[in-house]
Amino acid sequence: MIEPFKALILAGSRPGEVDPAAAYAGVAHKGLIVLQGQTLLARVLGAVEAAGAAKIGVSANDETIKAALAGTRAVALPTAEGPSQSVADAAGRLGFPLLITTVDHALLKPEWITQFLADTPDWAEVAVLLAPEARVQAAAPQTKRTYLKFRDGRYSGCNLFLLRDERAMGVVTLWRKVEALRKQPWKIAAMLGPSFLIRYALGLLTLDQAVARLGALADVKAAAVRAQDGLAAVDVDKPSDLDLVRELVGEA
């Protein structure tokens, strides 16, 4: 059982870059895109608050997002050089257990969060929510998502993560290493190990085996949790995603 949790919403943006979904919607930041009369920021804030978050932080470097937090329970937190360091800094401010999501999780529902926390095994120090392809297609057959292929099927990420306690920070350290090597993929491959990469490429690993292996690299106990609702895999990365969520809520 997860004790009262804290929540972090990642809403950072790269200086000088215009987010394509924000530009398509005519706003300064995609967190300000309006859906059903609310900005995406307000929708995500409302979901984590309704799910019972004791504290809410929003990691943001955009002044319009910071201004939009006025009058809410959330506190603006500074962004760092990369999202991994932003998470590390936020964990130091907010504490644990820490639920992490993103400002573009346009359809996020409180019940997805509570189900995710309930389904996370007691032994897991880190958990990630993924949706089986069949559930995504059943909920939104028109969507085109990116899937990871495993022996037991294909899964799409749901932008929901849990860091249970301080020990979970090992996975953030590993994440930081991967970020630092993003322009040197051969070094990332070496860090993961040839056995892992070959078994994944050949489709020999189940989802649980792959997540456990990645957790072991970070010296943490990691678990994959399956989403009950395939819509949990839908976020707003590009204009076509915004068209999709508008269609799904009846605004198209």
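Note: the structure precedes this text.
Residues numbered from 1 in each chain as written. Predicted model: local features only at pLDDT ≥ 70, side-chain atom pairs only at ≥ 80, totals over all residues. Heavy atoms only, no water.

Draft legend 1. Focus on unusual backbone geometry. Cis rather than trans, the peptide bond between phenylalanine 96 and proline 97 has omega equal to -10°. Topologically, proline 97 is positioned in the loop between α4 (83-94) and β6 (98-102). The phi torsion at glutamine 36 lies on the positive side, around 55°, for a residue other than glycine. One can find glutamine 36 in the loop between β2 (34-35) and β3 (38-39). A residue is classified by how much of its surface remains accessible, and glutamine 36, at 44% relative accessible area, is partly exposed. At asparagine 159, a residue that is not glycine, the phi angle is positive and equals roughly 55°. In this structure, asparagine 159 sits in strand β9 (residues 153-163). (Helix = DSSP H or I, 4+ residues; strand = E, 2+ residues; numbered from the N terminus. Buried < 20%, exposed > 50% of the residue type's maximum accessible area, 1.4 Å probe, protein only.)

Draft legend 2. A look at the pattern of salt bridges. Inspection of the entire model under this criterion finds 13 salt bridges. Between aspartate 241 and arginine 145 there is a salt bridge, and its shortest N-O distance comes to 3.2 Å. Taken together, the residues aspartate 241 in helix α11 (residues 239-248) and arginine 145 in the loop between α6 (133-139) and β8 (148-150) connect sequence positions 96 residues apart. If you follow the salt bridges from partner to partner, you end up with Asp19, Lys30, Asp104 and Asp237 in one network. (Salt bridge = Lys/Arg side-chain N within 4 Å of Asp/Glu carboxyl O.)

Draft legend 3. Expanded view of a nonpolar patch on the surface. On the surface, Ile198, Leu202 and Leu204 cluster together into a nonpolar patch covering about 300 Å² of accessible area. Among the structural elements, leucine 204 can be located in the loop between α9 (194-201) and α10 (207-217). (Patch = residues over 30% accessible without salt bridge, like charges linked within 9 Å, V, L, I, M, F, W, Y side chains within 5 Å. Areas by Shrake-Rupley, 256 points an atom, 1.4 Å probe, with all protein chains shown as cover.)

Draft legend 4. Layout of the side chain of aspartate 241. The class of aspartate 241 is buried, set by a relative accessible area of 3%. Aside from chain neighbours lying at most four places away, what touches aspartate 241 is Arg145, Asp235 and Val236. (Contact = heavy atoms within 4.5 Å.)

Draft legend 5. The arrangement of the packing of aromatic side chains in detail. Counted according to the given criterion, the structure contains two aromatic pairs. With a centroid separation of 5.6 Å and 65° between ring planes, the pair formed by phenylalanine 150 and tyrosine 200 is classed as edge-to-face. Taken as a pair, phenylalanine 150 in strand β8 and tyrosine 200 in helix α9 lie far apart in primary sequence, 50 residues in all. Take phenylalanine 150: its relative accessible area is 8%, and that puts it in the buried class. Among the aromatic residues, those joined into a ring-pair cluster are Phe150, Tyr155 and Tyr200. (Phe/Tyr/Trp six-rings, centres within 6.5 Å; stacked < 30°, edge-to-face > 60°.)

In short, the description is geometric, and any link to function would need to be established separately.
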